[in-house]
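Structure assessment
The lines below spell out each chain.
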Amino acid sequence: MPTDRDRRASAMIERWNRVFRALTAEPRRQIVVALMEAPPERELSLPEAANPPYQLRNPETLYVDLVHTHLPVLAEHGFVEWERDPLVVERGPAFEETAVVFRALQAYAGEIPPQLTQECQRLEEHARGQS
């Protein structure tokens, strides 16, 4: 019979699994980082906030992907809240569960293998700041 500790451990593992599943696509990662850089109560316009400057996507295609795939994934567990008309996103009640991953990456950017930081302006800047 599972103990209370076993149930808490299972819940913690599932929370981490949800965070990593939510961050598996670049538009979702871009949304989280854009929200981190914005004031906490600010709504961001989409698809602009999800379209990274280093790999611009067609805004119409990205809009469809955001509405039908990416925003529902982030909103499912409260990482973001969003509205369709106009398409905007803001931090959800569980936003910090995703933001902490990026804060940790930024804190250790100098130790991340270069193949994972090259062409990523934010991580390159953090790595230079740690040198």
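See the structure printed just above.
Residue numbers run consecutively from 1 along every chain, following the written order of its sequence. Thresholds applied to this predicted model are a pLDDT of at least 70 for local features of residues and 80 or more for the giving and counting of side-chain atom pairs; totals over whole chains, interfaces and linings are not thresholded and use all residues. Side-chain figures throughout are based on the complete set of non-hydrogen atoms in the structure, without hydrogens or water.

Overview of helix H3 (residues 59-76)
Here is the rule: Fitting one axis to the seven residues ending at a residue and another to the seven starting there, the bend at that residue is the angle between the two axes. Per the convention used, a helix needs a DSSP run of H or I reaching at least four residues, while a strand needs a run of E reaching at least two, with both numbered from the N terminus. Each residue is assigned to one of three classes by its accessible area relative to the maximum for its type, calculated with a 1.4 Å probe on protein chains only: buried under 20%, partly exposed between the two thresholds, exposed over 50%. Any two residues whose heavy atoms approach within 4.5 Å at even a single point are treated as in contact. Side-chain atoms alone can form a polar contact between residues adjacent in sequence; in general such a contact is a pair of N or O atoms within 3.5 Å, and within protein one must be able to donate a hydrogen while the other accepts it.
The sharpest bend along H3 reaches about 55 degrees and sits at Leu66. Looking at H3, one finds that the buried residues are Leu62, Leu66, Val67, His70, Leu71 and Leu74. Close packing links the buried residues of H3 with helix H1 (4-22), helix H2 (26-37), strand E2 (80-83) and strand E3 (88-91). Among the residues of H3, the N-terminal cap falls to Asn58, whose side-chain oxygen and the backbone nitrogen of Glu60 are separated by 2.8 Å. Downstream of H3 by a residue or two, Gly78 has a phi angle that is positive, lying close to 80 degrees.

Some thoughts on the nonpolar core
Filter applied, for reference: By convention a nonpolar core is built from buried Ala, Val, Leu, Ile, Met, Phe, Trp, Tyr and Cys residues, the set being connected through side-chain atoms within 4.5 Å.
Core analysis: the biggest nonpolar cluster contains 28 residues, and Ile31, Leu46, Leu66 and Val89 have the highest contact counts within it. When contributions to this core are tallied by element, the ones reaching two or more residues are H1, H2, H3 and helix H4 (96-107). It is H2 that contributes the most residues to this core, 6 residues altogether. Setting aside its immediate chain neighbours within four residues, Leu46 contacts Ile31, Leu66, Leu71, Leu87, Val88 and Val89.

Some words on the pairing of E2
Basically, it comes down to this: Pairing between strands requires that DSSP locate at least two bridges from one strand to the other.
Sheet topology note: the E2/E3 ladder contains 4 bridges and is antiparallel. Bridging across to E3, Glu81 finds its partner in Glu90. Between E2 and E3, which pair antiparallel one after the other, the connecting turn spans 4 residues.

A short note on the sheet that holds E2
In a beta sheet, neighbouring strands are held together by backbone hydrogen bonds and run either parallel or antiparallel to one another. This is how the line gets drawn: To define axes, lines are fitted to C-alpha atoms, for helices over the stretch in contact only, and angles between the resulting N-to-C directions are given on a 0 to 180 degree scale.
Ordered in space as E1-E3-E2, the 3 strands form an open sheet in which the pairing is antiparallel. Whereas interior strands pair on both sides, the edge strands pair on one side only; in this sheet they are strand E1 (44-45) and E2. Seen against the sheet, H2 touches E1, E2 and E3 and runs at an angle of roughly 65 degrees to E3. In this fold H3 packs onto E2 and E3, with an angle of close to 140 degrees to the strand it touches most, E2.

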